[in-house]
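Below, each chain spelled out in residue letters.
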Amino acid sequence: MKKMKLVLVGNGMAGIRTLEELLKIAPDLYDITVFGAEPHPNYNRILLSPVLAGEQTLDEIVLNPLSWYEEHGITLHLGKKVVDIDRRKRVVKAEDGTEAEYDRLLLCTGSNPFILPVPGKELAGVIAYRDISDTNTMIEAAATYQHAVVIGGGLLGLEAANGLMLRGMRVTVVHVMPWLMERQLDDVSGKLLQKSLEDRGIAFRIGAHTQALIGDKDGRVMAVQFKDGTEIPADLVVMAAGIRPNTALAEKIGLHCNRGIVVDDTMQTVTDPRIYSVGECAAHRGIAYGLVAPLFEQGKVCATHLAHFGIGRYQGSLTSTKLKVTGIDLFSAGNFMGGDECEEIVMSDPYGGVYKKLVIKDDKLVGACMYGDTVDGSWYFKLLREGRKIADIRDKLMFGESNIGDTGHEGHSRAASMSDNDEVCGCNGVNKGTICKAIKEKGLFTLEEVKKHTKASASCGSCTGLVEQLLMFTAGGDYSKPPTKKAMCGCTDASHQDAREAIKADHLLTIDSVYKALGWRTPNGCSSCRPAVNYYLISTWPKEAKDDPQSRFINERSHANIQKDGTYSVIPRMWGGETSAAELRRIADAVDKYKVPTVKVTGGQRIDLLGVKKEDLVNIWKDIGMPSGHAYAKALRTVKTCVGSEWCRFGTQDSTQMGKDLERAMWRMYAPHKVKFAVSGCPRNCAESGIKDVGIIGVDSGWEMYVGGNGGIKTEVAHFFVKLKTAAEVLEYTGAFCQLYREEGWYLERTVHYISRVGLDYVKKRILEDAPGRKALWERLQFALDGEPDPWFEFDKAAVDTRQFAPVGAV
Amino acid sequence: MSTWKSICAVTDIPVLGARRVERARGGAIAIFRNTEDKVFALLDRCPHKGGPLSQGIVFGESVACPLHNWTIGLADGCARAPDQGCTQRFSVRIDNGVVHLDLDELNSIALDEAQATS
């Protein structure tokens, strides 16, 4: 079959990103032709400011070198401006006469700078700030001339002013509005910004109306004149008073434009179904975005439609802003001005140069504006996008994420001041220099890409915040914001929540049917999505959906923990941490018989046999004759107990018995991630109930129940949940809580993360305030666990493929 | 001309799974089977830290190493970008549903590899 033809008009970041996404999912679908008006391959326009400031070179900001186009067989027409398109014959025509036919057309013409309509705007030395050629003009001017005037005190204008100042010019910024960056900052932070730029040597004319540009006898600009009659000298005038979507071509060929080329949620133009548009020129639901994160989201959606997958929908973006002027930290997002029905929390220290304002409406964060201390910008932005209720963290909101303890950001404010040798990712030993280098050299934009290329934040994830900050510092502020709805993995656009909901709503029972229903791009998923989908199936439809061992990680397939040398560890279950002489004797005999090199007492009050060969597993389980401890599984692991009232002179409750009862009721319980319980017999809490998924503490009048604790990557103290009177209640409430987590948690999400996602109030509503609902949850858990096999002994029932324990055909 | 040694039936390998073939000399070999009943053979040793690939999750024409989740191509034995490195691949022939490996390769490739324990 002949390939279809795709023509891209506009060789910029939005268009090329769309092509990259397209090539990922349908590499051979189209013959691709690209027209670019500039004589350069795709470069990172956002980094023009650091180039102007002399912090980076032009070569460093090229995103796709010419070889990339060659590699993908793309025909590239550089320096050829497209001037007409014949929509009937489907032909694109460039200024020099080059033509290209298309089946699908992608218009990414970007935007034009807005040039003030004042006399003298055509003088030499008057330029906009938009592309490499403007940047070069400025760099050259800075070498010859002295006075620069930047018209426009917005993001771009200030970055231009800073760059010119660093290149030795005397710079005045003219701004017609009452404070700088009025679209991103409120008056207080705008003035703080002005002061700190003034300290660096930039002059300002705030509220000044430019009337005319005055030229010298050679036709070069020499001064800027204001409405009040005053003048200031100017050898270079940079117009940075905003941008307008570049729709000239689209309008010429009759596409409907209204503040941009009007597109629908699939990025298809509303006028011509063969034509798509992405980027600054496209108007989606009335908004033309000028920041890179939304453009990339659009590109991703557009690519799925170009590839005939037709699954993505772009539904608009929330944006945030960061100024790329080294040493100045500001951040804003959402409705930072506040207004009717909004509440504001403000912290202001003008002398210390720190200002933070949070705008809250209906118990949700709707806007943030920060100056001087922007460490928590990405966190606030996350809260904003998620629309999470904040009542429970409101008192600490202003002090940032480290005071809430959500994801573990040890040392997170240090991103900028860290040295290149400082370690960022402790799991994989990746330092700051390596990460920054990869971001710059490989043109990485997202956390996912950084993870892939450097392995930073790819293991435990506790340095995620830090890596995001490095992305912000290195690549610019508006990158890297993962969308609210995160795809499970590269195989699909569906999120964990989408998968869970589809399985439940459509009564899906097999992995294949899930992949089909949600349009997976790969035939059998990958090592990341398949285990998740398998868990969702068996947890949603117990006794109906069949467990697929080949979709489980090796530990859950061989029911032992794989070690670094390929041997396994075996941890038998010891109910409540109690054992007996007979059990210890059998363990000792097995250690001798199978020459187990290491025997270790675990933190969970059990005994770990390390270094067992895979072919010995079945026999060692049999010889020991104790139940599986599930120490290898995303399941209930240990129930740690103290000795309790039976022996302890302080004990108020029989914690050991309570622990044994809990363990016997809930062992073999698979869950989104591992689950640990503890029961202490008095408030001295010797079993460490405060850092367990469910912690029970006996008091004289009953039991206190705590949830969502975690002793792992970042220690999380469990939340007090409820006080209960009887052991039967402890079982019911614990079971109901676990079942809620099993039904709603995302794969690999611990209870602490589940609770922080849905809110403790929601969990309380489901368990504490809804008695019939709680009983139903507890019953569903008992139904799921009833007859659940012990995988160490009931191989058939537990779907254990015993062939794995013996090699084949030795040679 | 190659001499083909019969190893096991294709059906002895779980779909989207693997089996291990021990050798008297040299590292063990992992034989994989995917949903299309294609069979692949690699040295059972991840190029990263030597993890047993036979214990990984198989998908498409790849396997994810159980130790650190590197993705290794089953056809070429090479890590998927951005990771780098390759493990030895072995020729496979299927005859009447029986998997065969090349005896010359078995007796010559990766003989110095330490025998992994599992």
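Counting from 1, residues in each chain are numbered in the order their sequence is written. Chain A is the first chain written and ligand 1 is the first ligand written, with later ones labelled in order. Per-residue local features are limited, in this predicted model, to residues with pLDDT of at least 70; the limit for side-chain atom pairs, both in listing and counting, is 80 or more; totals at the level of whole chains, interfaces and linings are taken over all residues.

**Some thoughts on the overall build of chain A**
- Helix numbers and strand numbers start at the N terminus; a helix is a DSSP run of H or I with at least 4 residues, a strand a run of E with at least 2. Scanning chain A from N- to C-terminus turns up 24 helices and 36 strands.
- Residues counted as buried form 48% of the 811 residues belonging to chain A.
- Taking the contacts inside chain A whose residues are at least 6 apart along the sequence as the reference set, 62% of them involve residues at least 24 apart. Every C-beta atom is placed from the backbone, and the number of other C-beta atoms within 10 Å of a residue's own sets its class: buried at 20 or more, exposed at 12 or fewer, partly exposed in between. Contact between two residues is assigned when their C-beta atoms, built from the backbone, lie within 7 Å.

**Looking at the sheet that holds strand β13 (residues 210-215) of chain A**
Residues and elements named next belong to chain A.
- Between any two strands, pairing holds if DSSP finds at least two bridges. Spatial ordering of the open sheet is given by β13-β14-β15, a layout of 3 strands whose pairing is antiparallel. Here the strands that pair on one side only, and so sit at the sheet edges, are β13 and β15 (231-233). The sheet shows a mean angle of 25 degrees between the axes of neighbouring strands, taken without regard to direction.
- Relative to β15, strand β14 (residues 221-226) runs antiparallel, the two sharing 3 bridges. Bridge pairing links Gln 225 to Glu 231 in β15. Every angle, taken between N-to-C directions, lies between 0 and 180 degrees, and every axis is a line fitted to C-alpha atoms, over only the stretch in contact when it is a helix.

**Considerations on the packing of helix α14 (residues 496-505) of chain A against helix α16 (residues 529-540) of chain A**
Residue and element names in this part refer to chain A.
- It is the contact of α14 with α16, at a shortest axis distance of 10 Å, that shows an interaxial angle of 35 degrees. Pair α14 / α16 crosses with right-handed handedness. Within the contact between the two elements, α14 uses His 496, Ala 499, Arg 500, Ile 503 and Lys 504 and α16 uses Ala 532, Val 533, Tyr 536, Leu 537 and Thr 540.
- Of the residues contributing to the contact of α14 with α16, the split by class is 6 nonpolar, 2 polar and 2 charged. Should the near helix be turned anticlockwise from the far one by less than a right angle, the crossing is termed left-handed; should it be turned clockwise, right-handed. Each residue receives one of three labels: charged for Asp, Glu, Lys and Arg, nonpolar for Ala, Val, Leu, Ile, Met, Phe, Trp, Tyr, Cys and Pro, and polar for the others, Gly being one of them.

**A short note on the interface of chain B and chain A**
- The interface is formed by 33 residues belonging to chain B together with 26 residues belonging to chain A.
- Contributions of two or more residues to the side of chain B that touches chain A are made by β1 (4-9), β2 (17-21) and β5 (57-59) of chain B.
- Take the side of chain B that touches chain A: its biggest share by element is 4 residues, from β2 of chain B.
- Split by residue class, the side of chain B that touches chain A holds 18 nonpolar, 9 polar and 6 charged.

**Describing the nonpolar core**
- Each nonpolar core reported here comprises buried Ala, Val, Leu, Ile, Met, Phe, Trp, Tyr and Cys residues connected via C-beta atoms within 7 Å. Ranked by size, the top nonpolar core spans 112 residues in total, and within it Met 705 and Phe 737 of chain A together with Ile 31 and Phe 32 of chain B carry the most contacts.
- Of all the elements, helix α21 (residues 727-744) of chain A adds the most residues to this core, at 7 residues.
- Each domain's extent is set by a domain assignment, obtained either automatically or from a database. Structurally, this core is a two-domain feature, drawing no fewer than three residues from each of domain 4 (496-552) and domain 5 (634-789) of chain A.
- If we ignore the near neighbours within four places in the chain, the residues touching Phe 32 of chain B are Ala 18, Val 39, Phe 40, Val 58, Val 63 and Leu 74 of chain B.
- Judged by nonpolar contacts, the second largest core, of 67 residues, contains Ile 85, Ala 250, Tyr 276 and Cys 436 of chain A.

**Description of helix α24 (residues 771-785) of chain A**
Residues and elements named next belong to chain A.
- Expected helix span is computed as 1.5 Å times (number of residues minus one). For α24, with 15 residues, the first-to-last C-alpha span of 21 Å sits near the 21 Å given by 1.5 Å per residue.
- Inspection of α24 places Arg 774, Leu 777, Trp 778, Leu 781 and Ala 784 among the buried residues, and these make up the whole buried set. The arc that holds the buried residues of α24, viewed along the axis, is 125 degrees, so those residues lie on one side. Residues of α24 that are exposed and point over 90 degrees away from its buried face: Ala 771, Pro 772 and Phe 783. The directions considered for the arc are those from the helix axis to the C-beta atoms.

**Here we look at the sheet that holds strand β31 (residues 607-612) of chain A**
- If you walk across this open sheet you meet the 4 strands as β28-β29-β31-β30 (chain A), and the pairing is antiparallel. Only two strands of the sheet have a single neighbouring strand rather than two, namely β28 (561-562) and β30 (598-601) of chain A.

**What about the confidence of the model for chain A?**
All names here are of chain A.
- Averaged over chain A, the pLDDT score is 89; the fraction of residues at 70 or greater is 95%.
- Within a predicted model, pLDDT stands for the predictor's per-residue confidence, ranging from 0 to 100. Under a pLDDT of 50 for its full length, residues 405-412 has, in the predicted model, 19 contacts with residues more than four places off or in other chains.
- A low-confidence stretch, residues 477-483 (pLDDT under 50), is modelled with 28 contacts involving residues beyond four sequence positions or located in other chains.

**A few points about the pairing of strand β23 (residues 343-349) of chain A**
Residues and elements named next belong to chain A.
- Pairing of β23 with strand β24 (residues 354-361), which is carried by 7 bridges, proceeds in the antiparallel orientation. Across the sheet, the residue bridging to Glu 344 is Val 359, located in β24.
- The hairpin formed by β23 and β24 contains 4 residues between the paired strands, and Gly 353 there has a positive phi angle of roughly 70 degrees.

**Examining the environment of Asn 561 of chain A**
Residues and elements named next belong to chain A.
- By the element assignment, Asn 561 lies in strand β28.
- Classification of Asn 561 as partly exposed rests on a count of 18 C-beta atoms within 10 Å.
- Ignoring any residue separated from it by four or fewer positions in sequence, one finds Asn 561 in contact with Asn 555, Tyr 568, Ser 569, Ala 631 and Tyr 632.

**Here's the deal with the confidence of the model for chain B**
- Chain-level pLDDT for chain B is 90 on average; 94% of the residues reach the 70-or-more range.
- Predicted complex metrics record ipTM = 0.91 and pTM = 0.65.

**Considerations on the pairing of β14 of chain A**
All names here are of chain A.
- Bridge count for β13 against β14 is 5 bridges, and the pairing is antiparallel. Bridge pairing links Gly 215 to Val 221 in β14.
- Two successive antiparallel strands, β13 and β14, enclose a turn made up of 5 residues, where Gly 219 displays a positive phi of approximately 80 degrees.
- The loop that links β14 with its antiparallel partner β15 comprises 4 residues; one of these, Gly 229, has a positive phi angle of about 95 degrees.

**With respect to the environment of Leu 249 of chain A**
Residue and element names in this part refer to chain A.
- With respect to the helices, strands and loops of the structure, Leu 249 is situated in helix α7 (residues 248-252).
- Along the backbone, Leu 249 and Val 83 are 166 residues apart, and their C-alpha atoms lie at a distance of 6.7 Å.
- The residues contacting Leu 249, other than those within four sequence positions of it, are Val 82, Ile 85 and Thr 109.

**Side note on the packing of helix α18 (residues 581-593) of chain A against helix α19 (residues 617-624) of chain A**
Residues and elements named next belong to chain A.
- Relative orientation of the contacting elements α18 and α19 amounts to 150 degrees, with a least axis distance of 9 Å. Overall, the two elements α18 and α19 adopt an arrangement that is roughly antiparallel. For the crossing formed where α18 meets α19, the hand is right-handed. Residues Arg 586, Ile 587, Asp 589, Ala 590 and Lys 593 of α18 pack against Ile 620, Asp 623 and Ile 624 of α19.
- Looking at the contact of α18 with α19, its residues break down into 4 nonpolar, no polar and 4 charged. Any angle from 65 to 115 degrees is called roughly perpendicular, while one under 35 is roughly parallel, one over 145 is roughly antiparallel, and all others are oblique.

**Let's talk about the environment of Ala 307 of chain A**
Residue and element names in this part refer to chain A.
- As for its position among the elements, Ala 307 is in the loop between α8 (292-306) and β21 (320-322).
- Between the C-alpha atoms of Ala 307 and Glu 21, which are 286 residues apart in sequence, the distance is 9.5 Å.
- Contacts of Ala 307, omitting those with residues within four sequence positions, involve Leu 22, Ile 25, Ala 26 and Leu 29.

**Topic: helix α5 (residues 155-166) of chain A**
All names here are of chain A.
- Between its first and last C-alpha atoms α5 spans 17 Å; for 12 residues at 1.5 Å apiece the expected length is 16 Å, and the two agree.
- Counting buried positions along α5 gives 11 out of 12 residues, so the element sits mostly inside the fold.
- Within the sequence span of α5, burial applies to Leu 155, Leu 156, Gly 157, Leu 158, Glu 159, Ala 160, Ala 161, Asn 162, Gly 163, Leu 164 and Met 165.
- Downstream of α5 by a residue or two, Gly 168 has a phi angle that is positive, lying close to 95 degrees.

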